[in-house]
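# Breakdown of the fold
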Amino acid sequence: MGNNKIAVGLDIGTTKIVAMIGRKNEYGKIEVVGTGKAKSLGVKRGVVSNITQTIQSIQQAVEEAESVSGIKIENVVVGIAGQHIRSLQHSDYITRTNADEVIDDNDIENLVNQVHKLVMLPGEEIIHVLPQEFKVDSQADIKEPRGMYGGRLEANFHVVVGQVSSIRNIGRCVKSAGLDLNQITLEPLASASAVLSQEEKEAGVALIDIGGGTTDLAIFKDGIIRHTAVIPFGGNVITDDIKEGCSIIEKQAELLKIKFGSAWPGENKETEIVSIPGLRGREAKEITLKNLSKIIHARVQEIIEYVYTEIKDYGHETQKGKLIAGIVLTGGGAQLKHLRQLVEYITGMDVRIGYPNEHLAGDSEDALSSPAYATAVGLLIEGLKHEEKGEQITQESIPEIAPETKTATIEKLENAPKVVENPKPKMKSFLEKFTDRFKDFLDNAE
């Protein structure tokens, strides 16, 4: 049986803003009931540069999704990306007061809270603390320390940091568009939820999400995220190069890239020519596809080499850090012809294109299976997980109450929080806590 829990993913990208409404069907697949898309005018390289235009684009995308689905959107799950996102590795430890008691959620939370006290650069804030391996006393490489005995608990962390002002600007746009911010998710993590399998995450995989303004990288190994990076180049830079190299307007450059563009110059012959209409009575321009692919190849090679440097810095060339599952390409830029072959040639790794259709119901529109919608589908997946967790806590933990004793029992439940709590308390993820604090900030900034 499918449930009626609805979630909304809002992907605020540099090229487009997508609002996607969906729910799970009886087979556990995602049924998209409405999608709205608007041209993104106020976002540059993943960062809001014009609040008013961004609000208008969000409202346009949301209204379209509402009219298609007939559902009023109130809460959204929003992705964070942009060139202001950076990550770092950090090790920390706590000394436990009683080594004779087993390690529990509170000990891990204390350790995570300690990492959050790290001093960042001015204007930066930690938005995600991701534990890697733990060490209990002298025993290293522990994935799950809960239930173990030990006096000293140590861990390596992957810490994601972002500019507070950039994140607040996105929050302000969402709120001004008449929406509530339900959850904040890192866009590379959302894309990973949509296109990567658990086997790939275990074996070791690099997800490269080539968007309009940025290229996001997320590296997984042993099922854990190991490295994230946002590179401030994307598909728009390729379009700009075509515009400059061929002396044409941006709209024509974008169409050229989509229809005739290739990342591999050897595929085109010198005799293949495309004619571009001139502006207001001017003569048409003739451009050889060979030259077009040379322009594209030069920029794409630069982006991929930049990403490959990050992959090598992570430690792919070491025996322990080898990414057996290779690279998965997604995002709108992944649709460029012969890109997969070029990435394989540059990196020497196995490469596939990541489509989000694995999680979608069979009757979904074909357009939604495009790599360009990977982040939106991923945000929707994260939103539905969030909704299910909330439903689980409220439904599973409160016992069934007979009608005649309902009122009296509810009073007792209110006075006895132990009954309402889960048997195993759910520790809030750091991003959930950050979202809560961020909501408070927005409410107080009215």
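Refer to the structure above for everything that follows.
Residues numbered from 1 in each chain as written. Predicted model: local features only at pLDDT ≥ 70, side-chain atom pairs only at ≥ 80, totals over all residues. Heavy atoms only, no water.

Time to look at the pattern of salt bridges. Counting across every chain of the model gives 15 salt bridges. A salt bridge links glutamate 124 to arginine 86; its shortest N-O distance comes to 2.8 Å. With glutamate 124 in strand β8 (residues 124-136) and arginine 86 in strand β7 (residues 86-95), the pair connects residues that are 38 residues apart, well separated along the chain. Overall, glutamate 124 belongs to the buried group, its relative accessible area being 13%. Among the ionic pairs, glutamate 382 bridges to lysine 385, the shortest N-O distance being 3.5 Å. Highlighted residues: glutamate 382 and lysine 385, both in helix α10 (residues 374-397), separated by three residues, approximately one helical turn. On the accessibility criterion, glutamate 382 (16% relative accessible area) is buried. (Salt bridge = Lys/Arg side-chain N within 4 Å of Asp/Glu carboxyl O. Helix = DSSP H or I, 4+ residues; strand = E, 2+ residues; numbered from the N terminus. Buried < 20%, exposed > 50% of the residue type's maximum accessible area, 1.4 Å probe, protein only.)

The first and last C-alpha atoms of helix α2 (residues 105-116) sit 16 Å apart over twelve residues, in line with the 16 Å expected at 1.5 Å per residue. Buried within α2 we find Asp105, Asp107, Ile108, Leu111, Val112 and Val115. End-on view of α2: buried residues confined to an arc of 165°, all on one side of the axis. The N-capping residue of α2, defined by a side-chain oxygen 3.1 Å from the backbone nitrogen of asparagine 106, is aspartate 104. (Expected span 1.5 Å × (residues − 1). Arc of directions from axis to C-beta. Polar contact = N/O pair within 3.5 Å; in protein donor to acceptor, adjacent residues only side chain to side chain.)

Turning to its location among the elements, isoleucine 346 is positioned in helix α9 (residues 339-347). Considered as a pair, isoleucine 346 and glutamine 301 are 45 residues apart in the sequence and their alpha carbons are 7.9 Å apart. Every residue in contact with isoleucine 346, bar those within four places of it in the chain, is listed here: Gln301, Ile304, Glu305 and Tyr308. (Contact = heavy atoms within 4.5 Å.)

Moving on, we come to the pairing of strand β15 (residues 273-276). In β15, alternate side chains face the same way, and those of Val274 and Ile276 are buried while those of Ile273 and Ser275 on the opposite face are not. Direction of pairing for β15 relative to strand β16 (residues 285-288): antiparallel, over a ladder of four bridges. Directly across from isoleucine 276, in β16, lies its bridge partner lysine 285. (Pairing = 2+ DSSP bridges.)

All of the buried residues along helix α7 (residues 250-260) are Gln252, Ala253, Leu256 and Lys257. Along α7, the residues classed as buried sweep out an arc of 135° about the axis, all on the same side. Residues of α7 that are exposed and point over 90 degrees away from its buried face: Lys251, Ile258 and Lys259. In this fold, the buried residues of α7 make contact with α6 (235-246), β15, β16 and α8 (289-314).

The next subject is the sheet that holds strand β13 (residues 215-221). Strand order in the open sheet made by the five strands is β14-β13-β12-β17-β18, with mixed pairing throughout. Only two strands of the sheet have a single partner each, and these edge strands are β14 (224-231) and β18 (351-353). Pairs of neighbouring strands in the sheet enclose a mean axial angle of 20°, with direction left out of account. Examined bridge by bridge, strand β12 (residues 205-210) and β13 share six bridges and lie antiparallel to one another. Within β13, the residue paired with valine 205 across the bridge is phenylalanine 220. Packing of α8 onto the sheet brings it into contact with β12, β13, β14 and β17 (327-330), and relative to β13 it is tilted by some 30°. (Axes fitted to C-alpha atoms, helices over the stretch in contact; angles between N-to-C directions.)

Turning to the packing of aromatic side chains, a few remarks are in order. Within the structure shown, the criterion is met by two aromatic pairs. Judged by centre distance (5.5 Å) and plane angle (90°), the ring pair of tryptophan 264 and tyrosine 345 falls under edge-to-face. Here tryptophan 264, found in the loop between α7 and β15, pairs with tyrosine 345, found in helix α9; they are 81 residues apart in sequence, far enough to count as distant. What makes tryptophan 264 partly exposed here is its relative accessible area of 26%. A relative accessible area of 65% places tyrosine 345 in the exposed class. We note arginine 152 situated over the ring of tyrosine 93; from NZ or CZ to the ring centre the distance is 3.8 Å. Between lysine 201 and the ring centre of phenylalanine 220, over which it is positioned, the NZ or CZ distance is 5.0 Å. (Phe/Tyr/Trp six-rings, centres within 6.5 Å; stacked < 30°, edge-to-face > 60°. Lys NZ or Arg CZ within 6 Å of the ring centre and 35° of its normal.)

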